[in-house]
Amino acid sequence: RIEGAIFDLDGVIVDTAKYHYSAWKKLANMLGFEFTEKDNEKLKGVSRKESLEILLKIGGKENEFSEAQKEELMDIKNSWYLEYINKLTEDEILPGAKELILTLKEQGIKTGLATASKNAMLILERLNIKDLFDAIVDGTQISRAKPDPEIFLKCAQKLKIDPQKCVVFEDAAAGIKAAKLAGMFAVGVGSCDMLGEADIVICSLDQLIKELK
Ligand code: G6P
Ligand code: MG
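Given the structure is predicted, the values throughout are model-derived calculations rather than measurements.

A. Highlighting the packing of helix α5 (residues 97-106) against helix α9 (residues 205-212). α9 packs onto α5 with a crossing angle of 45 degrees between their chain directions and a minimal axis gap of 8 Å. One finds that α5 runs oblique with respect to α9. Crossing of α5 over α9 shows left-handed handedness. Contacts from A97, E99, L100 and T103 of α5 reach α9 at L205, L208, I209 and L212. Of the residues assigned to the contact of α5 with α9, the class counts are six nonpolar, one polar and one charged.

B. Expanded view of the UniProt feature "active site" (unreviewed entry) in the protein chain. In the UniProt entry, the feature "active site" (unreviewed entry) is given for D8 and D10. Summarising the element assignment, D8 is placed in the loop between β1 (4-7) and α1 (17-31). Overall, D8 belongs to the buried group, with 28 C-beta atoms counted inside 10 Å. Dropping the residues within four chain positions of it, D8 is found in contact with G45, A114, T115, F169, E170, D171, A172 and G175. Within the secondary structure layout, D10 lies in the loop between β1 and α1.

C. Here's a closer look at the packing of α1 against helix α4 (residues 67-85). In contact at an axis separation of 9 Å, α1 and α4 are set at 140 degrees when each is read in the N-to-C sense. The orientation of α1 with respect to α4, classified from their angle, is oblique. The handedness of the crossing between α1 and α4 comes out as right-handed. Residues Y19, H20, S22, A23, W24, K26 and L27 of α1 form the contact with α4, whose participating residues are L73, I76, K77, W80, Y81, Y84 and I85. Here the contact of α1 with α4 is composed, by residue class, of ten nonpolar, two polar and two charged.

D. Quick peek at the site of ligand 1. As a structural note, the neighbourhood of ligand 1 is formed by 18 residues, with D10, A116, S117, K118 and N119 the closest of them. For the shell around ligand 1, the class distribution of residues is four nonpolar, ten polar and four charged.

E. Summary view of the environment of L205. Residue position: L205 is located in helix α9. The class for L205 is buried, based on 23 C-beta atoms found within 10 Å. C-alpha separation for the pair L205 and P95, spaced 110 residues apart in sequence, amounts to 6.9 Å. Residues in contact with L205, not counting those within four places in the same chain, are L94, G96, A97, L100 and V189.

F. Highlighting unusual backbone geometry. In this structure, the amide linkage connecting K146 to the following residue, P147, adopts the cis form with an omega of 15 degrees. For P147, the position within the fold is in the loop between β3 (135-137) and α7 (150-159). Although it is not a glycine, K160 sits at a positive phi angle of roughly 60 degrees.

G. The nonpolar core, seen in detail. Ranked by internal contacts, the top residues of the largest apolar core, which has 54 residues, are I6, F7, L9, F152, C155, V168 and A179. Per element, the largest residue contribution to this core is six residues, and it comes from α7. Excluding residues within four positions of it along the chain, C155 makes contact with I6, G112, A114, A135 and V137.

What counts as what
Residues numbered from 1 in each chain as written. Chains lettered and ligands numbered in written order. Predicted model: local features only at pLDDT ≥ 70, side-chain atom pairs only at ≥ 80, totals over all residues. Axes fitted to C-alpha atoms, helices over the stretch in contact; angles between N-to-C directions. Helix = DSSP H or I, 4+ residues; strand = E, 2+ residues; numbered from the N terminus. Parallel < 35°, antiparallel > 145°, perpendicular 65-115°, else oblique. Left-handed = near helix turned anticlockwise from the far one by under 90°. Contact = placed C-beta atoms within 7 Å. Nonpolar A, V, L, I, M, F, W, Y, C, P; charged D, E, K, R; others polar. UniProt positions renumbered as here; feature names shortened; annotations may be inferred. Buried ≥ 20, exposed ≤ 12 C-beta atoms within 10 Å, placed from the backbone. Near = placed C-beta within 6 Å. Core = buried A, V, L, I, M, F, W, Y, C linked by C-beta atoms within 7 Å.

Below, the structure written as structure tokens:
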């Protein structure tokens, strides 16, 4: 029986992917190359550092910057990203997300948040949903990024629930992989071709909540 539900943040609870995309695109343009929406798929669920490495590779610039310069590039990208995040409102919570979490809680299921983002606390505050979660693990608390299962195992540990009794909601291939490696039931939120390894794929949390009713 499922005792815990663990949610990814970006792309599952709030559509921040478009803001990440705008900021990365701006950085690519600054460095003199294009960055498409298709390229952006590769950055979903991936850490900030790894995202930069992927982006630089796309531009053929993977060997051009020192570690210190890469830190600067990440800071620039994040400052652009934060311009959007500072304007986030509760209206941007994805349809069904809040309802699903509240429904699960009513049924006695513990809820967790597991996100690679280091901006998670700010996002949760802007959306006013911090209290919905019994445990939160964000990018500041982990040493290995998804697809490593560390983040989900840590979240289950905080919830005091056996990983096998947890279900994960994820929109990124790397996140699905991490959930499976953690021994959890993985629900892909999005399209089937990108989330092939998931146990089931749903279009949106809204679809799921309607089916539960
Ligand atoms: C999430 C997003 C990724 C992002 C990562 C780090 O996993 O899906 O696109 O790169 O968080 O986010 P941060 O807010 O720390 O830059
Ligand atoms: Mg995500």
